[in-house]
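Read off the chains here:
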Amino acid sequence: MEPTTGLILRRITQTNLSVAAHKLATLILDAIAWKDGYNGLSRGTAAFTLSALAEKMGVSRQYLAVLLNELEASELQLERAKPNGKFAPWIFRFSALGSDAGGGRIVR
């Protein structure tokens, strides 16, 4: 099954997470590219700098790291990578939702 916004949103609401982690997952979902090349991203990925994501969440970068770790350890299996260098944004994807939204573990 190809993942859709609705499928991922249902998965987020069904996953046992803190309220803040649910909010973070929803923010990431909102930025996911569903068409290859959208905003320069591959299908099923979203990109944020950690500063911008912390600002959108209204939390410190230290607490953001805790929330990202919670999402990585959850059934959603959030993956993040920084393939384009030190000053490039992080790339995020939910790997537990099929081949187009995951496929292989991204190593930080």
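Everything here concerns the structure above.
This text gives an overview of the structure that appears in the document.

Cut-offs applied
Residues numbered from 1 in each chain as written. Predicted model: local features only at pLDDT ≥ 70, side-chain atom pairs only at ≥ 80, totals over all residues. Heavy atoms only, no water. Core = buried A, V, L, I, M, F, W, Y, C linked by side-chain atoms within 4.5 Å. Buried < 20%, exposed > 50% of the residue type's maximum accessible area, 1.4 Å probe, protein only. Helix = DSSP H or I, 4+ residues; strand = E, 2+ residues; numbered from the N terminus. Pairing = 2+ DSSP bridges. Axes fitted to C-alpha atoms, helices over the stretch in contact; angles between N-to-C directions. Contact = heavy atoms within 4.5 Å. Phe/Tyr/Trp six-rings, centres within 6.5 Å; stacked < 30°, edge-to-face > 60°. Lys NZ or Arg CZ within 6 Å of the ring centre and 35° of its normal. Polar contact = N/O pair within 3.5 Å; in protein donor to acceptor, adjacent residues only side chain to side chain. Salt bridge = Lys/Arg side-chain N within 4 Å of Asp/Glu carboxyl O.

### What about the nonpolar core?
Then step 1. The biggest cluster of nonpolar side chains holds 25 residues, and the ones touching the most others in it are L24, I28, L71, F92 and F94.
Then step 2. Contributing elements (two or more residues each) for this core: α1 (5-14), α2 (19-30), β1 (46-48), α3 (50-57), α4 (61-73) and β3 (90-94).
Then step 3. The leading source of residues in this core is α2, at 6 residues.

### Quick word on the sheet that holds strand β2 (residues 78-81)
Then step 1. With antiparallel pairing, 3 strands are arranged side by side in an open sheet as β1-β3-β2. Two strands lie at the open edges of the sheet, namely β1 and β2, each paired on one side alone. This sheet shows a mean twist of 30 degrees between the axes of neighbouring strands, independent of strand direction.
Then step 2. The pairing of β1 with β3 spans 3 bridges and is antiparallel. Bridged to A47 within β3 is I91.
Then step 3. In the packing of α2 onto the sheet, contacts are made with β1, β2 and β3, and the angle to β3 comes to roughly 105 degrees.

### Thoughts on the packing of aromatic side chains
Then step 1. With the rule as written, the count across this model stands at 1 aromatic pair.
Then step 2. A cation over a ring is seen here: R80 above W90, with NZ or CZ 5.3 Å from the ring centre.

### Observations concerning the side chain of R80
Then step 1. Looking at the secondary structure, you find R80 in strand β2.
Then step 2. Separated by 2.6 Å, the side chains of R80 and E72 make a polar contact.

### Thoughts on the pattern of salt bridges
Once their charged atoms are close, side chains differing in charge can pair, the charge on each being opposite to the other.
Then step 1. In the structure shown here, the tally under the stated rule is 1 salt bridge.
Then step 2. One salt bridge in this structure joins R80 and E72, with 2.6 Å as the shortest N-O distance.
Then step 3. Of the residues examined, R80 reaches a relative accessible area of 7% and is grouped as buried.

### Some thoughts on the pairing of β2
Regular strands place side chains that alternate from one sheet face to the opposite one.
Then step 1. Along β2, one buried face is formed by L78 and R80 and the opposite face, lined by E79 and A81, is buried too.
Then step 2. With 4 bridges connecting them, β2 and β3 associate as antiparallel partners. Each bridged residue has a counterpart across the sheet, and for R80 the counterpart in β3 is F92.

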